[in-house]
Amino acid sequence: MAKKGEARARITLKCTECGEENYRTEKNKKNTTDRIELNKFCSKCKKTTLHKEAK
Ligand SMILES: [Zn+2]
């Protein structure tokens, strides 16, 4: 049973309004095949904006 590491991918969440890369996180490649989209606070826009997985 290999549970650690293998399915994890490091991703960057990028503000869709200014393009700033504000968040870094990990996702499980096996469970999450779609691009991640999250509403997060952007310090550059000074408001909550949609952040998408950058690649
Ligand atoms: Zn922004």
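Residues numbered from 1 in each chain as written. Predicted model: local features only at pLDDT ≥ 70, side-chain atom pairs only at ≥ 80, totals over all residues.

We now examine the overall build of the protein chain. On a plain count of helices and strands, the protein chain comes out with 0 helices and 4 strands. When the helices and strands of the protein chain are read in sequence order from the N terminus, they spell out β-β-β-β. The proportion of buried residues among the 55 residues of the protein chain is 7%. For the protein chain, long-range pairs separated by at least 24 residues make up 43% of all intrachain contacts whose partners lie at least 6 apart in sequence. (Helix = DSSP H or I, 4+ residues; strand = E, 2+ residues; numbered from the N terminus. Buried ≥ 20, exposed ≤ 12 C-beta atoms within 10 Å, placed from the backbone. Contact = placed C-beta atoms within 7 Å.)

When you line up the elements, threonine 16 lands in the loop between strand 1 (8-15) and strand 2 (21-28). Separated by 21 residues in sequence, threonine 16 and glutamate 37 place their C-alpha atoms 9.7 Å apart. Not counting residues up to four positions away in its chain, the partners in contact with threonine 16 are Thr49, Leu50, His51 and Lys52.

Here 4 strands make up an open sheet; going across it, the order is 2-1-4-3 and the pairing antiparallel. Of all strands in the sheet, those with a lone pairing partner are strand 2 and strand 3 (37-42), marking the two edges. Shown here is a sheet whose adjacent strand axes are inclined to one another by a mean of 40°, direction ignored. As paired elements, strand 1 and strand 4 (residues 47-54) share 4 bridges and run antiparallel to each other. Across the sheet, leucine 13 pairs through a bridge with glutamate 53, a residue of strand 4. (Pairing = 2+ DSSP bridges. Axes fitted to C-alpha atoms, helices over the stretch in contact; angles between N-to-C directions.)

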